[in-house]
Amino acid sequence: MPLIDLRSDTVTKPTPAMRRAMAEAEVGDDVFGDDPTVNALEERAAELLGKEAGLFVASGTMGNLVAQLAHLGRGQETIAGREHHLVIDEAAGHAVIVGTSIRSLEDRPDGTMDPAEIDAAFRDPSDPHEPISGLVTIENTHAHSMGQPLTAEYTRQVADIAHAHGVPLHIDGARFWNAVVAQGVRPSDLAGPADTVTFCLSKGLACPVGSLVVGTRDVIWRARRGRKLVGGGMRQVGILAAAGLVALSDGPDGTIERLAEDHTNARRLAEALSQMDGIVAAGGTAQPGLGPLDPKRVRTNFVLFKVQRDRAAFLEALRARDVLMVEYPHGQVRAVTHYGVTADDIETTIAATRAALAETSPRPVTPGSLVATA
Ligand SMILES: Cc1ncc(COP(=O)(O)O)c(C=O)c1O
């Protein structure tokens, strides 16, 4: 039986249309600006998000990093959520490479930070002791809150606060398209208030590699320099960009609209899990309190929960049934739906979860460490 791999949406394999486009891609040397497929992808991304320019980068981490390099100088500070990927899961690139600090605020269960706290987090620029506030970031969808999509209104509110302090807003939109589809909004409306947005092709959109950063021509030029600095200037990379153009295309080969299917599958999985003895809500940001899992909190493609079992033994019992889920911070288990996982696979997963629970002995849930996965 083939594996049902729910560890992450990063495990998606390219679609047949992507493989064809990659094989046939017209290429050039992208560092010279000569790769027509990369240029077309960057233009397409910018157009969709209503920005002037785009930049193709190797990963979401690199996208966030070059955006920080474009916006910030050494000794400046970024205001971000305590559990944002950029804060805890990017090997401290902000400190090591950008030379900046983070002022981290509480992430709320709806994936937002309190706007009043954001406003109060700005430093006093006239005080020589303090770092200089230089950037605000938000994460959309917000992973640790079980993939909550943030609204255009909230994005506007945060942008207004940042801009009133003369500081730009960056969106880590690793799963930006899940937020677009879940809310039925135009991508340009969701991206509009922000100065830069990173989004990933290599997650739910099913491309093998790559992310894009979009913004004004000027800021993308600076990001391009940053990309060179970190060794991210690639050459005949149209081979990879070709898959991205398929993902972002209108029509049946595009992979944006189909994200709705992943959201339906995630909700169905959560509904079934919520009925099982031994599965409880994740607690904390994912779902406050430790009651039953609330399937209504599943709005995109993440399901987070705790299992009243030895977690490793539970995951092993699932693996023995060809279903993979993954450990997530704070003692949670994560299942992520994506291209390649069908509604039938979800029914198989539900049966496998029941069997894995039956096979492992009950025990109380325990808190886990703050270590995350992609
Ligand atoms: C919210 C968020 N931002 C950024 C990233 C980084 O993406 P990548 O793994 O492509 O570096 C991830 C990866 O999972 C993520 O979940």
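Computed from a prediction, not measured in an experiment: that's the story for all the values here.

What counts and how
- Residues numbered from 1 in each chain as written.
- Predicted model: local features only at pLDDT ≥ 70, side-chain atom pairs only at ≥ 80, totals over all residues.
- Helix = DSSP H or I, 4+ residues; strand = E, 2+ residues; numbered from the N terminus.
- Rg over C-alpha atoms; globule rule 2.2 N^0.38 Å.
- Buried ≥ 20, exposed ≤ 12 C-beta atoms within 10 Å, placed from the backbone.
- Pairing = 2+ DSSP bridges.
- Axes fitted to C-alpha atoms, helices over the stretch in contact; angles between N-to-C directions.
- Contact = placed C-beta atoms within 7 Å.
- Domains from an automatic or database assignment.
- Nonpolar A, V, L, I, M, F, W, Y, C, P; charged D, E, K, R; others polar.
- Near = placed C-beta within 6 Å.
- Core = buried A, V, L, I, M, F, W, Y, C linked by C-beta atoms within 7 Å.
- Arc of directions from axis to C-beta.
- pLDDT = per-residue confidence, 0-100.

### Details of the overall build of the protein
- Tallying secondary structure elements over the protein gives 14 helices and 13 strands in all.
- Relative to its length of 374 residues, the protein is compact, with a C-alpha radius of gyration of 21 Å against a globular reference of 21 Å.
- If you line up the protein on its principal axes, its C-alpha atoms span 60 × 55 × 35 Å.
- Split into buried and exposed, the 374 residues of the protein put 54% on the buried side.

### Focus: the sheet that holds strand E7 (residues 196–200)
- Spatially, seven strands are ordered E2-E8-E7-E6-E5-E3-E4 in an open sheet, and the strand pairing comes out mixed. Of all the strands in the sheet, the pair left with one neighbour each is strand E2 (53–57) and strand E4 (101–105). The average angle at which neighbouring strand axes cross in this sheet is 20 degrees, direction not considered.
- In the sheet, strand E6 (residues 169–173) pairs with E7 via four bridges, with the strands oriented parallel. Looking at E7, one finds that His170 is bridged to Thr196.
- Strand contacts of helix H3 (residues 60–71): E2, strand E3 (76–81), strand E5 (132–139), E6, E7 and strand E8 (211–215), with the helix running at about 25 degrees to E8, the strand carrying the most contacts.

### Structural notes on the domain arrangement of the protein
- Partitioning the protein into structural domains gives domain 1 (14–247) and domain 2 (258–359).
- Taking the mean C-alpha position of each, domain 1 and domain 2 sit 28 Å from one another.
- Contacts between the two partners involve 18 residues from domain 1 and, on the opposite side, 17 residues from domain 2.
- Its residues placed into classes, the side of domain 1 that touches domain 2 shows eight nonpolar, seven polar and three charged.

### Comments concerning the site of the ligand
- Taken together, twelve residues lie around the ligand, and Ser59, Gly60, Thr61, His85 and Ala174 are the ones closest in.
- For the shell around the ligand, the per-class residue count stands at four nonpolar, six polar and two charged.

### Quick notes on the sheet that holds strand E13 (residues 332–336)
- The antiparallel open sheet is built from four strands, whose spatial order is E9-E10-E13-E12. Every other strand in the sheet has two partners, leaving strand E9 (279–281) and strand E12 (326–328) as the edge strands with one partner each. When the angles between neighbouring strand axes are averaged without regard to direction, this sheet yields 50 degrees.
- The sheet contact formed by strand E10 (residues 302–307) and E13 spans four bridges and is antiparallel. In the sheet register, Val303 faces E13, and the bridge partner there is Ala335.

### Some points on the nonpolar core
- Judged by nonpolar contacts, the single largest core of 76 residues is most densely connected at Val66, Val213, Ala223, Ala242 and Ala243.
- The element that contributes the greatest number of residues to this core is helix H11 (residues 238–247), accounting for eight residues.
- The residues touching Ala223, leaving out its near neighbours within four places in the chain, are Leu55, Val66, Ala67, Leu69, Ala70 and Val213.
- Counting 35 residues, the second-largest nonpolar core is a separate cluster that includes Phe314, Val323, Ala335 and Val336.

### Re the environment of Val219
- Position of Val219 among the secondary structure elements: in helix H10 (residues 217–229).
- By the C-beta count within 10 Å, which is 23 here, Val219 ends up buried.
- Those residues within four positions of Val219 in sequence are excluded, and the remaining contacts are Ala70, Asp195 and Thr196.

### As for the pairing of E3
- Within E3, six of the six residues are buried, leaving the element largely enclosed by the surrounding structure.
- On E3, burial covers both faces: Gln76, Thr78 and Ala80 on one face and Glu77, Ile79 and Gly81 on the other are all buried.
- The pairing of E3 with E5 spans four bridges and is parallel. Bridge pairing in E5 places Thr78 opposite Leu135.
- As judged from the five bridges shared by E3 and E4, these two strands associate in the parallel manner.

### With respect to helix H1 (residues 16–24)
- For H1, the complete set of buried residues consists of Met18, Ala21 and Met22. Summarising the axial view, the buried residues of H1 lie within an arc of 100 degrees, below the 170-degree limit, and thus occupy one face. Facing away from the buried side of H1 by over 90 degrees, the exposed positions are Pro16, Ala23 and Glu24.
- Contacts made by the buried residues of H1 are with H11.

### Digging into H11
- Within H11, ten of the ten residues are buried, which leaves it mostly tucked inside the rest of the structure.
- Where H11 is buried, its residues meet H1, helix H2 (36–49) and E2.

### Concerning the confidence of the model for the protein
- On average, the protein scores 96 in pLDDT, and the residues at 70 or more come to 98%.
- The lowest-confidence element of the protein is E9, averaging 95 in pLDDT; the highest-confidence one is E6, averaging 99.
- The low-confidence segment residues 368–374, where pLDDT is below 50, has 17 contacts with residues more than four positions distant or belonging to other chains.

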